[in-house]
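Understanding the architecture of this molecule
Each chain, written out:
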Amino acid sequence: MKINPKVGIDQLVFGMKQKDVEKIYGKPDKQFKDEDQNIIYLYNDKKWRLTFYEDEEFRFGYIISSNPELGLFDQKIINLPINKIEELLKTKNFKPLEVESFDSVDNYFNESNWMIFQVEYGQVIRFELGAVFNEKADEFDWKFKA
């Protein structure tokens, strides 16, 4: 399950509408609205939480996943020590990750690719990927072209 920074994961591409996602993956196991009225899809078998932004015509813009098959540059990342992720990103000329701590969990963040590696006990337990902004930084750079 390939992570494509700035684009999406697997066949999910930022900017898709719900019907586009359902055409590929079927109906979600659960659907609800969050406090911002965004639509959230949960796919249990994929371990995905997808967010469709209300203020962006319900385009797919964010994913949270703990799927053990997630791969970044051909390296599976769930349960991988964070220092291995940092080494991998360094070889690809990514900026160093910013770290924010919450109790026993640390979030390692790469803003330019909007990636968060959630780490507990030194290992990645969850991954988040969001759509990025265009050069103007005032609108999303949607990759899906309907």
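Numbering of residues starts from 1 in each chain and follows the order in which that chain's sequence is written. It should be noted that, the model being predicted, local features are given only for residues of pLDDT at least 70 and side-chain atom pairs only at 80 or more, the latter also being counted only at that level, while totals for whole chains, interfaces and linings use all residues. The side-chain quantities take in all heavy atoms of the structure and omit both hydrogens and water.

With respect to the packing of aromatic side chains
Paired rings are identified among Phe, Tyr and Trp, the last through its six-membered ring, by centres lying within 6.5 Å, and are further divided according to the angle between planes into stacked (under 30 degrees), edge-to-face (over 60) and tilted (the rest). A full pass over the atoms with the stated rule returns 13 aromatic pairs. Pairing phenylalanine 14 with phenylalanine 60 gives two aromatic rings, centres 5.0 Å apart and planes at 25 degrees, and the pair type is stacked. Residue phenylalanine 14 is found in the loop between β3 (12-13) and α1 (18-25), and its partner phenylalanine 60 is found in strand β7 (residues 59-65); the two are separated by 46 residues along the sequence. An identical accessibility class is assigned to phenylalanine 14 and phenylalanine 60; each is buried. With 5.1 Å between their ring centres and 55 degrees between their planes, phenylalanine 117 and phenylalanine 127 make a pair best called tilted. In this pair, phenylalanine 117 sits in strand β12 (residues 115-120) while phenylalanine 127 sits in strand β13 (residues 123-130), placing the two residues 10 residues apart along the sequence. By relative accessible area, phenylalanine 117 is classed as buried at 0%. Ring pairing ties together the aromatic residues Phe14, Tyr25, Tyr41, Tyr43, Trp48, Phe52 and Phe60, which thus form one cluster. Only lysine NZ and arginine CZ atoms are considered, and such an atom sits over a ring when it is within 6 Å of the ring centre and within 35 degrees of the ring normal. Geometry around tryptophan 48 places lysine 46 over its ring, the cationic atom sitting 5.9 Å from the centre. Lying over the aromatic face of phenylalanine 73, lysine 92 brings its terminal NZ or CZ to 5.1 Å of the ring centre. By the criteria applied, helices consist of DSSP H or I runs no shorter than four residues and strands consist of E runs no shorter than two, each listed in order from the N terminus. The rule is simple: take the accessible area with a 1.4 Å probe, protein chains only, and divide by the maximum for that residue type; under 20% is buried, over 50% is exposed, in between is partly exposed.

Describing the sheet that holds strand β1 (residues 3-4)
Only when DSSP finds a minimum of two bridges between them are two strands counted as paired. Strand order in the open sheet made by the 3 strands is β1-β2-β3, with antiparallel pairing throughout. At either end of the open sheet lies a strand with only one pairing partner, and these are β1 and β3. Bridge count between β1 and strand β2 (residues 8-9): 2 bridges; the pairing is antiparallel. In the strand pairing of β2, asparagine 4 is matched with glycine 8.

Quick look at the sheet that holds strand β6 (residues 48-53)
If you walk across this open sheet you meet the 8 strands as β4-β5-β6-β7-β13-β12-β11-β10, and the pairing is antiparallel. Edge positions in the sheet fall to β4 (30-33) and β10 (98-102), since each has one partner strand and no second. Put simply, the sheet's adjacent strands are angled 20 degrees from each other on average, direction ignored. Relative to β13, β7 runs antiparallel, the two sharing 4 bridges. Bridging from a neighbouring strand, tyrosine 62 pairs with glycine 130 of β13. This element, α1, spans β4, β5 (39-43) and β6 of the sheet and lies at about 10 degrees to β5. Of the strands in this sheet, β11 (105-110), β12 and β13 are in contact with helix α2 (residues 82-91), which crosses β12 at around 155 degrees. A fitted line through C-alpha atoms represents every axis, and for helices the fit uses only the stretch in contact; the resulting angles, taken between N-to-C directions, go from 0 to 180 degrees. By definition in these notes, contact holds between two residues if any of their heavy atoms fall within 4.5 Å.

Description of the environment of glutamate 56
Here glutamate 56 shows up in the loop between β6 and β7. In contact with glutamate 56, other than residues within four places in its own chain, are Phe140 and Trp142.

With respect to the pairing of β5
Across the 5 residues that make up β5, a large majority, 4, are buried. By the bridge criterion, 4 bridges tie β4 to β5 in an arrangement that is antiparallel. Residue pairing across strands places phenylalanine 32 opposite isoleucine 40, the latter belonging to β5. Counted between consecutive antiparallel strands, the loop separating β4 from β5 contains 5 residues, among which glutamine 37 sits at a positive phi close to 70 degrees. Inspection of the sheet shows β5 paired to β6 by 5 bridges, in the antiparallel sense. Its bridge partner lying in β6, tyrosine 41 is registered against leucine 50. Here β5 folds back onto β6, and the loop between the two strands holds 4 residues, one of which, lysine 47, carries a positive phi near 55 degrees.

These figures come from the coordinates and say nothing about function on their own.
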